[in-house]
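# Chains, contacts and geometry: an overview
What follows is each chain in one-letter form.
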Amino acid sequence: MSQPHLIKPSSSPSHTIIPIVSTSCTAARSTPAPCFFRAAASSFCPPPSSSSSLLSLSRPPHRRARARRGDAIGCVPSSAARSSETVPSSSSSGSAADPSSAMAGVRVRATATIKVTAGGFLNDLRPSRVIDNIKDLVGRSLNLELVSSDLLDAKTGKEKPTIRSYAHQVADNDDEVLTYQADFDVPASFGAVGAVLVSNEQQRTEMFFVDIKLSSSEGVEITTIRCNSWVAPNSGDDAGKRVFFANKPYLPSQTPAGLLSYRKKDLEQKRGNGRGQRKSTDRIYDYDVYNDLANPDSNADLARPVLGGSKQFPYPRRCRTGRPATKNEPKTESRGGDNYVPRDEAFSEEKLLQFSVTTVQSVLSAVVPAAQSALIDPNLGFPSFFVIDKLFEDGVKLPPAEQLGFLRSVVPRLLQLLRDSPGDQVLLFDLPANVQKDKFSWLRDEEFARETLAGINPYAIELVREFPLKSKLDPAVYGPAESAITADVLEKQMGHVMTVAEAVKQKRLFMLDFHDLFLPYVHKIRELKHTTMYGSRTVFFLTSDGTLRLLAIELTRPKSPSQPQWRRVFTPSTDTTESWLWRMAKSHVRAHDAGHHELVSHWLRTHCAVEPYILAANRQLSEMHPVFHLLRPHFRYTMRINAMARSALISAGGIIETTFSPGRYAMELSSAAYAKLWRFDAEALPADLVRRGMAELDPESQHGLKLTIQDYPFANDGLLIWDAIQNWVQAYVSKFYPDAASVAGDVELQAFWTEVRTVGHGDKKDETWWPALDTPATLAHALTTIVWVASAHHAAVNFGQYDFGGYFPNRPSIARTKMPVEEPVDAAAMAAFLDNPDQALRECFPSQVQATLVMAVLNLLSAHSPDEEYLGGMETVPWNDDERVRAAYGEFHARLKEIEGIIDGRNRDRKFRNRCGAGMLPYQLMKPFSQPGVTGKGIPNSTSI
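Residues numbered from 1 in each chain as written. Predicted model: local features only at pLDDT ≥ 70, side-chain atom pairs only at ≥ 80, totals over all residues. Heavy atoms only, no water.

For the protein chain, the helix and strand inventory stands at 35 helices and 26 strands. Taken over 945 residues, the protein chain has a buried fraction of 61%. Taking the intrachain contacts of the protein chain between residues at least 6 apart in sequence as the baseline, contacts between residues at least 24 apart amount to 76%. Only carbon and sulfur atoms are counted for the fraction: they give 52% of the accessible area of the protein chain, which is about 35700 Å². (Helix = DSSP H or I, 4+ residues; strand = E, 2+ residues; numbered from the N terminus. Buried < 20%, exposed > 50% of the residue type's maximum accessible area, 1.4 Å probe, protein only. Contact = heavy atoms within 4.5 Å. Areas by Shrake-Rupley, 256 points an atom, 1.4 Å probe, with all protein chains shown as cover.)

Relative to each other, helix 8 (residues 260-271) and helix 21 (residues 576-620) sit at 140 degrees, their axes nearing to 7 Å. With respect to helix 21, the axis of helix 8 lies oblique. In this structure, helix 8 uses Leu267, Lys270 and Arg271 to contact helix 21, whose residues at the interface are Asn618, Arg619 and Gln620. Here the contact of helix 8 with helix 21 is composed, by residue class, of 1 nonpolar, 2 polar and 3 charged. (Axes fitted to C-alpha atoms, helices over the stretch in contact; angles between N-to-C directions. Parallel < 35°, antiparallel > 145°, perpendicular 65-115°, else oblique. Nonpolar A, V, L, I, M, F, W, Y, C, P; charged D, E, K, R; others polar.)

Our next topic: the pairing of strand 6 (residues 163-166). Burial along strand 6 is two-sided: Ile163 and Ser165 and Arg164 and Tyr166, pointing in opposite directions, are all buried. Bridge analysis of strand 5 (residues 142-148) against strand 6 gives 4 bridges, and the strand direction is antiparallel. When the bridges of strand 6 are listed, Leu144 appears paired with Ser165. (Pairing = 2+ DSSP bridges.)

All right, on to the packing of aromatic side chains then. Aromatic ring pairs: the centre-centre distance and the angle between the two ring planes describe each pair. Following the criterion strictly, the structure yields 33 aromatic pairs and no others. Measuring from ring centre to ring centre gives 5.8 Å for Phe680 and Trp770, while their planes differ by 20 degrees; the resulting arrangement is stacked. With Phe680 in the loop between helix 25 (666-677) and helix 26 (685-691) and Trp770 in the loop between helix 29 (747-760) and helix 30 (776-798), the pair connects residues that are 90 residues apart, well separated along the chain. Here Phe680 falls in the buried class, since its relative accessible area comes to 2%. Lying over the aromatic face of Phe929, Lys897 brings its terminal NZ or CZ to 4.4 Å of the ring centre. (Phe/Tyr/Trp six-rings, centres within 6.5 Å; stacked < 30°, edge-to-face > 60°. Lys NZ or Arg CZ within 6 Å of the ring centre and 35° of its normal.)

What follows covers the sheet that holds strand 20 (residues 535-542). Read across the open sheet, the 5 strands follow the order 18-19-20-21-22; overall the sheet is antiparallel. Each edge of the sheet is formed by a strand with only one pairing partner; in this case those strands are strand 18 (462-463) and strand 22 (566-570). Two strands pair when backbone bridges link them, and strand 20 and strand 21 (residues 548-557) are joined in this way by 8 bridges, in the antiparallel orientation. Its bridge partner being in strand 21, Thr538 is matched across the sheet by Ile553. On top of the sheet, helix 21 reaches strand 19 (509-514), strand 20, strand 21 and strand 22; it is set at about 80 degrees to strand 21, its chief contact.

The subject of this paragraph is the nonpolar core. Ranked by size, the top nonpolar core spans 182 residues in total, and within it Leu689, Ile721, Phe752, Trp788 and Met926 carry the most contacts. Residue contributions to this core peak at 20 residues, all from helix 21. Those residues within four positions of Leu689 in sequence are excluded, and the remaining contacts are Met694, Ala695, Leu705, Leu707, Tyr712, Ala715 and Leu719. One finds Ala110, Leu142, Phe190 and Ile222 within the second-largest nonpolar core, a separate group that totals 26 residues. (Core = buried A, V, L, I, M, F, W, Y, C linked by side-chain atoms within 4.5 Å.)

Turning our eyes to something else, we now look at the environment of Glu333. With respect to the helices, strands and loops of the structure, Glu333 is situated in the loop between strand 14 (318-319) and helix 9 (349-354). Accessibility expressed as a relative area gives 3% for Glu333, which makes it buried. In this structure Glu333 touches Asp288, Asn291, Asp292, Ala294, Arg318, Thr321, Gly322, Arg323, Pro324, Ala325 and Thr326, once residues within four positions along its chain are discounted. A polar contact of 3.1 Å, which involves the side chain of Glu333, links it to the side chain of Arg323. (Polar contact = N/O pair within 3.5 Å; in protein donor to acceptor, adjacent residues only side chain to side chain.)

Moving on, we get to the environment of Gly546. Here Gly546 shows up in the loop between strand 20 and strand 21. In the structure, Gly546 is positioned 368 residues away from Asn914 in sequence and 8.0 Å away in space, judged by C-alpha atoms.

This part covers helix 35 (residues 883-908). Look at helix 35: 38 Å from first C-alpha to last across 26 residues, which is about the 38 Å you get at 1.5 Å a residue. Buried within helix 35 are the following residues: Val885, Arg886, Ala888, Tyr889, Phe892, His893, Leu896, Ile899, Glu900, Ile903, Arg906 and Asn907. The distance from a side-chain oxygen at the start of helix 35 to the backbone nitrogen of Arg884 is 2.9 Å, and the residue carrying that oxygen is Asp882. (Expected span 1.5 Å × (residues − 1).)

Turning to the packing of helix 21 against helix 29, a few remarks are in order. Angle between the axes and distance between the axes: these two values describe a pair of packed helices. The contact between helix 21 and helix 29 brings their axes to 9 Å, and the two run at 140 degrees. Two packed elements cross with a definite hand, and for helix 21 against helix 29 that hand is right-handed. Contacts from Pro612, Tyr613, Leu615, Ala616, Ala617, Arg619 and Gln620 in helix 21 reach Glu748, Ala751, Phe752, Glu755, Val756 and Gly760 in helix 29. Partitioning the contact of helix 21 with helix 29 into residue classes produces 8 nonpolar, 2 polar and 3 charged. (Left-handed = near helix turned anticlockwise from the far one by under 90°.)

Let us look at the side chain of Asn618. With respect to the helices and strands, Asn618 occurs in helix 21. With a relative accessible area of 1%, Asn618 lands in the buried category. Engagement of the side chain of Asn618 in a polar contact is seen with the backbone oxygen of Ile614, the distance being 2.9 Å. Non-local contacts of Asn618, meaning those with residues more than four positions away in its chain, are made with Leu267, Lys270, Tyr285, Glu345, Phe628 and Arg632.

Below, the discussion takes up the pattern of salt bridges. A full pass over the atoms with the stated rule returns 48 salt bridges. In this structure, Arg107 engages Asp185 in a salt bridge whose closest nitrogen and oxygen atoms are separated by 2.8 Å. One end of the pair, Arg107, is in strand 4 (residues 106-115); the other, Asp185, is in strand 8 (residues 177-186), and 78 residues separate them in sequence. Here Arg283 and Asp266 are joined by a salt bridge, their closest N and O atoms 3.1 Å apart. One end of the pair, Arg283, is in the loop between helix 8 and strand 13 (287-288); the other, Asp266, is in helix 8, with 17 residues separating them in the sequence. Here the salt bridges share partners, and the residues they tie into one network are Asp288, Asp292, Arg318, Arg323, Glu333 and Arg646. (Salt bridge = Lys/Arg side-chain N within 4 Å of Asp/Glu carboxyl O.)

Bear in mind that shape data such as this cannot, by itself, settle questions of function.
Here it is as structure tokens:
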């Protein structure tokens, strides 16, 4: 769940937000816990003999130090807290507790701490200064209730009532924390504490709870209930109370009787009723189609089709916001205000400072006007490659300092002050890693081919399994289906070392196939200004040294009512004219690959496809559920970053439409890819490799697969990560599901999976390839797939974007001009090409405005935030203190550390020619851990940026 940060809900301009963190005083642990808590404590605390084995699973040193400081502040004499008011709750369905009985029991203390966020940003909002009257001063701002796990009261035969107490502020002597405490008189018959109800009695103030620690009057810690959640102000009824369950997970059938009603009610609250517009303080998870990308009321040109819910435009579902429809398009949702996400999906303050809609808009407002005012023509290309290089030396001049606003403080790495006088700030780009290694690598065919295996889009290359190549599109609509790439062309480029038939049989031919996906959009895209499109096929040959040789590129324009189909095959050549045509053809394919990467491999298959899993998990899996415990770290920030993408990146007129070849048809093309290509059973890495012909099943080989290209860095390293995730998930699942009956009988789990299939991915609900969750093995495989996609798949296609695309000639986002030889030949364009082919190539590249904008955004997207949580990292050690689970996680962490060393070794081994060589960027995208910033490595737990 999210970390504390500052957001003002639009519904209340004066709304104050105070995040709450909780720590507690920890005394000597030799004092035995009260008898009625021993059962609960044993569920959470490992025996003394296990302490040494769990030492390696403790938090990093700096986190432990902070916890100790909070503990010190939370320590107050128990006598000082006895003034707390302990009240039997009347909100429970049972009768009130007998006060005399309560006093005959044991006193329990709950300790909570308000955390002031990073940088003193909320110093002015400290309760001691803001909440200076009424409730906080009289100790009635926070109401806590203990919930028993036992169902029946022995005397009354009814559900046991909760025990309630108000928390009081007891310390304010630290720059970061404020401490609150509440005391409870708990009768010996109460049973184990299974949950705590929290009621925020402030009128306007949200509270962020990290945890609630319960200890005995002797100071012995009983349990820590971890929350990591915002609590909104109480609405005045039971719906305003939040329940936080103890950390012991339970399957639905194993839920303690006293917690059953709370488990059910919490899920009902998170589902909502499907009506009304969502507020920023809500924690409701619901579905909607992608009907919020357009803005037809602003401009008719910004109208877009609804994605999802139709056969024409199938798509996954997003989180429902409930905003009213636009005036001009009743099926389109209006775009006023920020895109809602449930409150606990919000960014932490650190993350918010690193990346937000404001950041992107600031880049837009700074770069675009500056470039436009300097260039006059926003479509003007670069006058020379020298000017391109100067972007990394002189940068792009920005407006005067007083106009920069938030940008200067939020993206300091992008801004360098060249001189002291105002107005001399520039957008100065770091030199991308691949250019640092080899400035001219983008010109070489070898690097073009290598990046299909060790670049930012390793999901596109596939085996050629039959020849000649044929389209599956209707030839009556698009022209002849058979490719113009002939055996003679390929055999000549292979040096006649073998025939094409032999190469296919030996699995030596591979291709990038952007033909059938792009061809239906060629004419639509060509109607747009300053862009163009082809369908393309690019063929490679696997040489004897394990590297790929680029053989041929076919570009195709489908037939139209006025023109026949045009297609031509381009090959490497020593002829000067053909050589320049070859470079232009490669630039077109690079733009195709950039579009495929951003719209399919990246956005669709990670961000977009994962959101339904998050929605279904929160709606159908209780926060007590072990599968929810497992998946929750892998959902961190995804809904928030997706909401921001809908605001600025993939929206009508947004960054993707402005800077990538498909233009306004970008998201339609993504929908077409979902229809043709996406299927859950192929999202697992082994299945994906097999589907593309890049591997075949082989029980005798490592990972159970035999790779078609042995030196395939993404696959080689990715399979290590896949196996590590799979082993961890299998160990976790086996702890809670001993047999098939336990899986099939889990009503919450089955409801979750049904909702993923029939609602979240409802446009594919009738597909036969959906796996059934009916055994521990099928469950573990499905969960491994979800974890893989959210973490490693996303890392593979995201964190190298600036390294490979920051120098845009290596990876142009758009091809703006047609091939000069396209028929009917434009005589003027052909003459200009022959006269100055260098200029013709630069005119095909993105404009100066497009290039600088994409570079700025890729830089932001490629950066790890300071609060990143990495796969297998210590930040997400399982909350459940079960020794078996924690031991399995420890093995997972150790294996990922080992994999880091294996990857480093491979990157130094000269026999791996696709990742080690002179001027070659080593492949590090599957290294699990990283420092903050643009590093080209690191696998966060989730699709978090």
